[in-house]
Structures are given as C-alpha cells and as structure tokens.
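# A closer look at the structure
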Amino acid sequence: QTVTVEVLDHLEHLALVDFRDSEGVERLQKAIQFADQLHEVNTDGIEPMDSVLEDRCLYLRDDDVTEGNCMKELMKNAREKVEEYFVAPPGNIPLPKLEEQDAFLQSS
Amino acid sequence: MAAAASRGCGGVWRFAWQRGARGPVPAPRGQRAVAFNARGGVVQPEKCGLAPWVPVVGLEIHAQISSNSKLFSGSQVQFVAPPNSLVSFFDASLPGTLPVLNRRCVEAAVMTGLALNCSVNKKSLFDRKHYFYADLPAGYQITQQRVPIAVNGSLSYSVCIDNKMSQMVTKTVRIKQIQLEQDSGKSLHDDTRSQTLIDLNRAGVGLMEVVMEPDMCCGEEAAAAVRELQLILQTLGSSQAVMAEGQLRVDANVSVHHPGEPYGVRTEVKNINSLRFLAKAVDYEIQRQIEELENGGTILNETRAFDSKLGCTVPMRDKEAKQDYRFMPEPNLPPLILYDTKSLPANMNHQQVVNIDWIHERLPDLPSVKRAKLVEQYGILPEHSFTLLNEDGLTEFFENVVTQTQMKPKKVIGWILKDLLSYLKQHSLTVKESPVSSFLLADLLNLIEKKEISSTAAKQVLSELWKGEGKTPLDIVKEKKLELIQDQKELEEICQAVIDGQENEVMAIKAGNRKVLNKLIGLVQRETQGRANPVLVKQLLEKKLSE
C-alpha cells in the first residue's frame, strides 16, 4: 500500500523531516517495506522485547554532584547566544498546513 | 449516575434532582431536593429551568525530587544559579551521551508510592515521549508511560463543610500512578527581540508525576488534596514541594456533565502557581463550561492557561489540539528492578539494590498519623491538629510552649490558634518570624496559671509583647499595673460598693434572676480595671447577696 499524503504530512510535522521530492517518498516507501518483513515472524505467545538490554542490570548511580559547570564549553557550539543563554525562536514555528503545500506532493 | 453525584462534594454543587423527559425524579435517600448554584445559593431547579451539573476534576501533579544531582546525570540540582552552569553534556543532549539513573530518585519515588498506598512495581520501564520545544534539547523526554514505578494508591484529605473548621469531612482521591521523569529546561520569552532565551539548569532534574483520578468536584477539594500531598512529600523529604519555586506544579483536568450522562469533554488547565489559584482556576473553569454549555455552545478538548491577574482561564497559544508523542521504549535503559526482603538476591552489591521493605520500615509518621498522635497526646480537637500541621513550624511551637508551662495543653491550644496565629496572619508572618517566642508565651501563660493576672490582662500583655521590644511578660504587667488584686479585703470592699450602688439589680437577683449577677461582676471588673479574678468576684458577690 502507498503512503498517503495525509500520513506524510503528519510524519513531517512530528519528526521535522522533509520528504520534499518523490525520491524521498520512494525511499520512505522502501524503508517501510523493509521493516514490514518483521511481520513474517510468528510471534504468537511471545513476550515482546523492548530492549536488547532487558537482561542487564540497570546501574544505579550515587546521588553525588560530578558534572556541570561547563557553560563555556557548551556555548562553543551555539550559533546564537545572549549572555549565558541559548537563543531560540519565540515559539515553535508552525509548518505550512497541508493545503498550502506544493501541488506536486499531492500528485505523487 | 447517582454514584457520580454521591461521590461528589458535600458542598457547593450538591444536588438531587435528575431532570429528564419524564420530569423530576425523587431525590436519593436522605438528600433534600435542591440544587446549589456556584456560590452556594440555593436554587430550585423548577424555578430557573436548569438541570443540575456534576463537575469532574482530575489532577496531574509534578513534584521535583529533592536530590543533590539530576535524574540521569551528575549535574547539580539547585533553584538559583547562573544560567547553564548546572548543565552536563547529557543534559544538553550532546551526541554520545547516555542516561545513568540516580538511586536517590528511585528511593524518593518508592517512598512516595508507599506513603500513598500504592502497589510498587518491582519491574518498571522507561520510555521516550517525543515533542519539539526549545527547552527540551533531545526532542524527547525520558518518562515511564507503559509501566510506571507505582500504581493504584489513594490519598485521604479533609475539607470543611460550609467553611466551618468544626465540621470537617474526610475525602479520598485515588492515585492512578506515580512515574519518574525528566524536567525540561526553562524558556524566557523576549518578545521585543522576538526570541526565546533557554536555560538548561532545570533540564533533567528528577520529577515524580502523581496522577490523581477525577474523584474531585470543585476547587476546594482540589486544593485540599494537593495541600495534603504537599505535607506528605515534605514529611517524607522526597520533595520540598514549594509551589512558588516550581517544585510542585499542578495541572487540572476539568469537565462537567449531567447526572446519569457520560462524562463531558475535558479541558486541561495549566499555569497554576499556588493552592489559592488552583481553587480559583478550577472553579472558574467549571463555571465557564457550565455557562458555555447552557448557552448552547460546546467545550473544546484544549489546553488553557490560568491568568491569575484576570482570575480566568484562556486558550493557550503554541499548543496544538492533538499531540502525537510517538512513545517508544528508552533503548539505553534496561528495566528498573526493585526488590523486597523475600526477593533480595544473595550476593548483589548493596549499593545496587533498592529494597522496598527496607524503605517501608523507615517511613516517618505521615501527617494523618501525626495529627492523631497530637489529639491523643494533648487532648486537643482534630481540627486543632489540622491547623497545627497546616502552618509550618506551628506544631513545634505549640509543643515547646506545652513543655515550658503548667497550663493544660487544651487551654494552651486556644492561645496558639486564636491569639498567636491571628497575629501572625494579620502581619503576614511565618511562625519562624514570630516576635513572640515559645519561651515568652509560656512565661505569659504561667502568669495566668499562677493567678497573677487574668486572661483579659494577658491578652493586653500579648499585644505589647508583639511589639518585640525585648520586655518580659512580667515587665509589662508591672509597667501597666495589670496584676490581679490579691488583697481579699480590698476586693470585698469593691464588691460591697458595687452592691450598694445597684439597688435594682440586687433586688432582681434576690428575686431569682441570676443572670443579673453578671452585670455586677462586670461593674466590679470595670472598677478594678480588669484586675479582679472573675471567679473570686462571683463567689464574693454571691456570698454577700445571700447574707
């Protein structure tokens, strides 16, 4: 089954990825097909595994202060800063709604 | 149907009529058939054509865990610090960093779960909740959505009926679950330059989210439940729970429906910064929804913010209608396994084990237990112990006074709650800031017990002590000449003088009207400027009048 325009739009909003051209959409389709192979495995009566670490022991750390105090280093990567703050746009910039997008996406 | 109404509060929205096509149905047993409007005025349903409403209130509470370091990293937890100074590489979500769970945070959540009568899950899991916001650098929050650390608990709290402290009623709210999760950073909005400044000091601090089922029905119940939770958390030490410092944040879920009908659409109310505002916000939202629906409108399933200046709720910007968080298991954390004495593995490293039973044994007395002990130990009333625990430091103050005075605790409590507390409230002072120490108050009360001054005189002394000029009660008594007259002869003379001057009253008393005696006692008090022992005066007058 093909990926509908509504699903694509929903994914783009959620993950902020850009399926700007038909090649991108094609790649997504192929990725879904690849993952669908998992359905071929019979998992009746099997407990789902949600982590390969499930048999490991979750390590518990002591409540000591061992990190932090590295503002200058953290700021090195910031494109914009104001005093010691990171700068971000005023709010989430909304993506264009489905109706406003290029016609080509609707035809693919 | 009737269940929804009966589980509701005994206060403002209590009602018994069920309007339907078949007309009014007789009230369930014991309830008068009236409806109450929002401010408690009685409204006969037939008179205004209104069908009654059942408000439903649920709460989501985020309590910041009191710990030295964060939930998954070793950076410090502190309220005030230079921006971005308490941030590790993991907190900033730099690639290649991994979460490492803080044992203290696990213990705090277990303590809280046990105190709230929850089942503590011996195996709980961590998940990622994805959404985009500048103060969430990773683009997801690590939380416990599938299997949280504790479930199915309860919290009991008290509310006053009709604002009378003497009529307190116990309510229970079910706790759906408690989960561990990360706090986000802070955004400072700079509208002039159209930008947001981000401080990640708070990003990654451990939170306990306590989810309360929608068992409450009004602002008063919600505030009382949160207050009790606050006291419990502070007693446990798992959170300092100071709302003003953002250590306790409450979101309210509010809806209304008619009895017998399904629950209405609910709205979420955020940005509530105090218990008082919580009650206001909830009551406003209930009222808004009722008015909207009665005018034929509909309620949107939206998130609203409480505007404390205007006292109303407004739709929130930047919150889309339906968020898809795409929950997935946190792949970097194995399940969290907790043990009890039975399941304790033999040769495991002590430091790696969280033993639920061990924590249970060491739980301190919860507020409800403390209150019961105060009532039993000192013979005070339940509502007295409620006030003692409700004011920070007041219980300690009371107990200190009791140990330093001969006055019975039952009498001391009156001085603490009526005199001391009202002074504190009038001047907006906390117990710790009181200019009158427990030592001074005990000293004053001892003067009353030794019959050196009357209670009326003592109140005058207290108002002087309040000025905090460093004088002792005895100093003030001497200064203002407030000592009780000890000379019996002097008192007798004054009593005689009053009797001689009130012929009509004397006749009335001798004729059998005992009440007039109080007038004579009052006159003696006036003559002596309040320095006569009223019991003694009564005795003397009665003796003289019977001669």
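What you see is a predicted model, and the numbers here were worked out from it, not measured in a lab.

## Thoughts on the overall build of chain B
On a plain count of helices and strands, chain B comes out with 17 helices and 19 strands. Sorting the 547 residues of chain B into buried and exposed places 49% on the buried side. Restricting the contact set of chain B to residue pairs at least 6 apart, pairs at least 24 apart contribute 67%. Put simply, chain B shows about 27,100 Å² of open surface, and 51% of that area lies on carbon and sulfur atoms.

## Side note on the sheet that holds strand β18 (residues 328–329) of chain B
Strand pairing within a sheet occurs via backbone hydrogen bonds; the two strands may be parallel or antiparallel. Residues and elements named next belong to chain B. The sheet built from 3 strands is open, its strands ordered β8-β7-β18 with antiparallel pairing. Every other strand in the sheet has two partners, leaving β8 (140–143) and β18 as the edge strands with one partner each. Relative to β8, strand β7 (residues 127–130) runs antiparallel, the two being bridged by 4 bridges. Bridge pairing in β8 places K129 opposite Q141.

## Side note on the packing of aromatic side chains
Residue and element names in this part refer to chain B. Considering all chains together, one arrives at 6 aromatic pairs over all chains under this definition. Judged by centre distance (6.0 Å) and plane angle (75°), the ring pair of Y131 and Y325 falls under edge-to-face. Of this pair, Y131 sits in the loop between β7 and β8 while Y325 is found in the loop between β17 (312–315) and β18, placing the two residues 194 residues apart along the sequence. Judged by its relative accessible area of 23%, Y131 is partly exposed. Using a relative accessible area of 26% as the deciding quantity, one classes Y325 as partly exposed. Each ring, one from Y423 and one from W466, has its centre 4.6 Å from the other, and the planes form 20°; the classification is stacked. A residue pair is termed long-range when its members are at least 10 positions apart, and Y423 in helix α10 (residues 409–426) and W466 in the loop between α12 (455–465) and α13 (473–480) qualify at 43 residues. Classification of Y423 by relative accessible area gives buried; the value is 19%. We classify W466 as buried; its relative accessible area is 9%. Joined through ring pairs, the aromatic side chains of Y131, Y325 and F327 make up one cluster. A cation over a ring is seen here: R362 above W358, with NZ or CZ 4.0 Å from the ring centre.

## Overview of the pairing of strand β3 (residues 54–64) of chain B
Each regular strand shows side chains that alternate between the opposite faces of the sheet. All names here are of chain B. Buried residues dominate β3, accounting for 10 of its 11 residues. Pairing of β3 with strand β14 (residues 248–257), which is carried by 10 bridges, proceeds in the antiparallel orientation. Within β14, the position partnered with A63 by the bridge is L248. Relative to strand β13 (residues 206–216), β3 runs antiparallel, the two being bridged by 7 bridges. Note on β13: the bridge partner recorded for A63 is M208.

## Examining the pairing of strand β12 (residues 195–199) of chain B
Counting buried positions along β12(B) gives 5 out of 5 residues, so the element sits mostly inside the fold. Every second residue of β12(B) is oriented toward a common face, with B:Q195, B:L197 and B:D199 on one face and B:T196 and B:I198 on the other, all of them buried. Sheet topology note: the strand β3 (residues 85–88) of chain A/β12(B) ladder contains 3 bridges and is antiparallel. Counterpart to A:A88 in the pairing with β12(B) is B:T196. Where strand β11 (residues 186–190) of chain B folds back onto β12(B) in an antiparallel hairpin, the turn is made up of 4 residues, including B:S194, whose phi is positive at roughly 50°.

## Looking at the confidence of the model for chain B
Should the pLDDT be low somewhere, the predicted coordinates at that spot are not to be read in detail. Residue and element names in this part refer to chain B. Across chain B, the average pLDDT comes to 87, with 89% of residues at 70 or higher. Within the model, pLDDT remains below 50 along residues 1–47, and this stretch shows 79 contacts once partners closer than five positions in the same chain are excluded. Here the predicted complex scores 0.83 on pTM and 0.83 on ipTM.

## Some details on the sheet that holds β11(B)
If you walk across this open sheet you meet the 4 strands as β2(A)-β3(A)-β12(B)-β11(B), and the pairing is antiparallel. On the outer flanks of this sheet lie β2 (81–82) of chain A together with β11 of chain B, each paired with one strand and no other. Pairing geometry for β11(B) and β12(B), over 5 bridges, is antiparallel. Bridging across to β12(B), B:S187 finds its partner in B:I198.

## Notes on the nonpolar core
Residue and element names in this part refer to chain B. Counting residues in hydrophobic clusters, the biggest one holds 70 residues, and the most contacted among them are L59, V106, V110 and M212. Ignoring any residue separated from it by four or fewer positions in sequence, one finds L59 in contact with V210, V211, M212, M216, A222, V226, V250, D251, A252 and L278. V402, V412, L441 and V461 belong to the second largest nonpolar core, which has 39 residues in total.

## What to know about unusual backbone geometry
Although it is not a glycine, B:N117 sits at a positive phi angle of roughly 60°. Note on placement: B:N117 falls in the loop between α3 (103–115) and β5 (119–120).

## Points about the interface of chain A and chain B
Every contact between the two is made by 39 residues of chain A and, on the other side, 53 residues of chain B. Here chain A meets chain B over a buried area of about 4,000 Å², counting both sides, of which 59% is carbon and sulfur. Breaking the side of chain A that touches chain B down by element, the ones donating at least two residues are α1 (5–15), β1 (60–61), α3 (71–75) and β3 of chain A. Residues of the side of chain A that touches chain B, tallied by class, amount to 20 nonpolar, 8 polar and 11 charged.

## A few points about the packing of helix α14 (residues 488–501) of chain B against helix α16 (residues 516–527) of chain B
All names here are of chain B. It is the contact of α14 with α16, at a shortest axis distance of 10 Å, that shows an interaxial angle of 125°. Judged by the angle between their axes, α14 and α16 are oblique. In this structure, α14 meets α16 at a crossing whose hand is right-handed. Residues I494, C495 and V498 of α14 pack against L520, L523, V524 and E527 of α16. Taken together, the residues that form the contact of α14 with α16 break down as 6 nonpolar, no polar and 1 charged.

## Let's talk about the packing of helix α11 (residues 438–449) of chain B against α13(B)
Residues and elements named next belong to chain B. It is at 9 Å that the axes of α11 and α13 come closest, and there the two elements cross at 50°. Comparing their axes, α13 and α11 come out oblique. Here L440, D443, L444 and L447 of α11 lie close against α13, whose contacting residues are P473, L474 and V477. Here the residues of the contact of α11 with α13 sort into 6 nonpolar, no polar and 1 charged.

## Some points on the pattern of salt bridges
Residue and element names in this part refer to chain B. In total, this model carries 30 salt bridges over all chains according to the counting rule given. The shortest N-O distance in the salt bridge between R146 and D127 comes to 2.5 Å. On the criterion of sequence distance, the pair formed by R146 in the loop between β8 and β9 (150–161) and D127 in strand β7 is long-range, its members being 19 residues apart. A relative accessible area of 34% places R146 in the partly exposed class.

## Side note on helix α2 (residues 22–36) of chain A
Residues and elements named next belong to chain A. Spanning 15 residues, α2 covers 21 Å between terminal C-alpha atoms, matching the ideal 21 Å at 1.5 Å per step. Within α2, the full set of buried residues consists of V25, L28 and Q29. Buried residues along α2 cover an arc of 100° about the axis, so they all sit on one side. Within α2, the exposed residues directed more than 90 degrees away from the buried face are E23, R27, K30 and F34.

About the cut-offs
Residues numbered from 1 in each chain as written. Chains lettered and ligands numbered in written order. Predicted model: local features only at pLDDT ≥ 70, side-chain atom pairs only at ≥ 80, totals over all residues. Heavy atoms only, no water. Helix = DSSP H or I, 4+ residues; strand = E, 2+ residues; numbered from the N terminus. Buried < 20%, exposed > 50% of the residue type's maximum accessible area, 1.4 Å probe, protein only. Contact = heavy atoms within 4.5 Å. Areas by Shrake-Rupley, 256 points an atom, 1.4 Å probe, with all protein chains shown as cover. Pairing = 2+ DSSP bridges. Phe/Tyr/Trp six-rings, centres within 6.5 Å; stacked < 30°, edge-to-face > 60°. Lys NZ or Arg CZ within 6 Å of the ring centre and 35° of its normal. pLDDT = per-residue confidence, 0-100. Core = buried A, V, L, I, M, F, W, Y, C linked by side-chain atoms within 4.5 Å. Buried area = accessible area lost by both parts, 1.4 Å probe. Nonpolar A, V, L, I, M, F, W, Y, C, P; charged D, E, K, R; others polar. Axes fitted to C-alpha atoms, helices over the stretch in contact; angles between N-to-C directions. Parallel < 35°, antiparallel > 145°, perpendicular 65-115°, else oblique. Left-handed = near helix turned anticlockwise from the far one by under 90°. Salt bridge = Lys/Arg side-chain N within 4 Å of Asp/Glu carboxyl O. Expected span 1.5 Å × (residues − 1). Arc of directions from axis to C-beta.

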